[in-house]
Amino acid sequence: MAYDRYVAICRPLHYGTLMGPRACVKMAAAAWASGFLHALLHTADTFSIPLCQGNTVDQFFCEIPQILKLSCSDSYLREVGLIAVSACLVFGCFVFIVLSYVQIFTAVLRIPSEQGQHKAFSMCLPHLAVVSLFASTSFFAYLKPPSISSPALDLVVTVLYSVVPPAVNPLIYSMRNKELKDALKKLVHWVQCQCQ
């Protein structure tokens, strides 16, 4: 999406050629392939560790740190290796997104009309908000020090990065819709009137 925004704002006359069906298929295939390989790495590593503390995970899904807690072998090196591979993948995506948005904001600030700037920012900021929410909560989940780890905190953080971004994603993107904004304002006004 960052590349789509970059092409739409920084190279609008070339949008049709740069974001054609072939480019979209290549980007989707790259995202799916990297996600599949990353998941395959985690799955292979998870199945290779011996579990000696039962098989009950204290989460609502099998998350890697929770599975490593069940391991009876020293999982420090495995955990560091998985975090290193994940960090490289995430860092590459993060750098790509940051570089795209630096170029986007540079181009937007050169737009002479305030209305054009507002339109461009309203197109980019929802995506940036969702990515920031996901990245900050997942970084905290996987990189927090073990000293502050507790089952309750782990569960809350897991919900924050796995449930909240996908749930607020449609809301954030639909806030660009004027009719939805008006309906939300009416709902807030109605709730305020009911409370008084």
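Residues numbered from 1 in each chain as written. Predicted model: local features only at pLDDT ≥ 70, side-chain atom pairs only at ≥ 80, totals over all residues. Heavy atoms only, no water.

As annotated in an unreviewed UniProt entry, the chain is Olfactory receptor 14A16-like from Apteryx mantelli. If you open the UniProt record of the chain and go to Subcellular location (unreviewed entry), you find "Cell membrane". (UniProt positions renumbered as here; feature names shortened; annotations may be inferred.)

Enquirer: Now, about the UniProt feature "transmembrane region" (unreviewed entry) in the chain: what can you tell me, with residues and values included?
Expert: In this structure's numbering, the residues bearing the UniProt feature "transmembrane region" (unreviewed entry) are residues 83–108, 120–143 and 155–175. Annotated as 100% helix and 0% strand, the span residues 83–108 places its first and last C-alpha atoms 36 Å apart. Secondary structure over residues 120–143 splits into 100% helix and 0% strand, and the C-alpha atoms at its two ends are 34 Å apart. (Helix = DSSP H or I, 4+ residues; strand = E, 2+ residues; numbered from the N terminus.)

Enquirer: Describe in detail the nonpolar core, supporting the description with residues and values.
Expert: Ala2, Tyr6, Val7, Ile9, Met19, Ile97, Tyr101, Ile104, Ala107, Val108, Ala120 and Cys124 together form the largest nonpolar core, which totals 12 residues. Considering every element that reaches this core, the biggest residue donor is helix H5 (residues 76–109), with 5 residues. With near-sequence residues (within four places) excluded, Ile9 lies in contact with Ile104, Ala107, Val108, Ala120, Met123 and Cys124. (Core = buried A, V, L, I, M, F, W, Y, C linked by side-chain atoms within 4.5 Å. Buried < 20%, exposed > 50% of the residue type's maximum accessible area, 1.4 Å probe, protein only. Contact = heavy atoms within 4.5 Å.)

Enquirer: Which residues make up a nonpolar patch on the surface, and what values go with them?
Expert: Among the surface-exposed residues, Phe91, Phe94, Val95, Val98, Leu99 and Val102 lie close enough to one another that they form a single nonpolar patch of about 530 Å² accessible area. Mapping Val98 onto the fold places it in helix H5. (Patch = residues over 30% accessible without salt bridge, like charges linked within 9 Å, V, L, I, M, F, W, Y side chains within 5 Å. Areas by Shrake-Rupley, 256 points an atom, 1.4 Å probe, with all protein chains shown as cover. Salt bridge = Lys/Arg side-chain N within 4 Å of Asp/Glu carboxyl O.)

Enquirer: Any details on helix H7 (residues 151–162)? Residues and values, ideally.
Expert: When the terminal C-alpha atoms of H7 are compared, their 16 Å separation across 12 residues agrees well with the 16 Å that a helix rising 1.5 Å per residue should span. Listed as buried for H7 are Asp154, Val157, Thr158 and Tyr161. Projected down its long axis, H7 shows its buried positions confined to an angular sector of 105°, all on one face. (Expected span 1.5 Å × (residues − 1). Arc of directions from axis to C-beta.)

Enquirer: If you had to explain the pattern of salt bridges to someone new, which residues and values would you point to?
Expert: As enumerated under the stated definition, the model contains 1 salt bridge in all. Residue Arg5 pairs with Asp4 through a salt bridge whose shortest N-O separation is 3.3 Å. We note that Arg5, like Asp4, is buried.

Enquirer: For helix H3 (residues 21–48), give the residues involved together with the corresponding values.
Expert: The periodicity of an α-helix, 3.6 residues per turn, causes residues three or four places apart in sequence to face the same way. Between the first and last C-alpha of H3 there are 40 Å, a value that for 28 residues agrees with the 40 Å anticipated at 1.5 Å per step. Those residues of H3 not exposed but buried are His42, Asp45 and Thr46.

Enquirer: Kindly report on the environment of Met123, identifying the contributing residues and their values.
Expert: With respect to the helices, strands and loops of the structure, Met123 is situated in helix H6 (residues 114–143). Measuring from C-alpha to C-alpha, the distance between Met123 and Arg5 comes to 7.8 Å, with 118 residues separating the pair along the chain.

Enquirer: Got a sec to walk through the side chain of Asp4? Specific residues and values, please.
Expert: Structurally, Asp4 can be placed in helix H1 (residues 2–10). A polar atom in the side chain of Asp4 sits 3.3 Å from the side chain of Arg5. Look past the residues within four positions of Asp4 in its chain and what remains in contact with it is Tyr15 and Met19. (Polar contact = N/O pair within 3.5 Å; in protein donor to acceptor, adjacent residues only side chain to side chain.)

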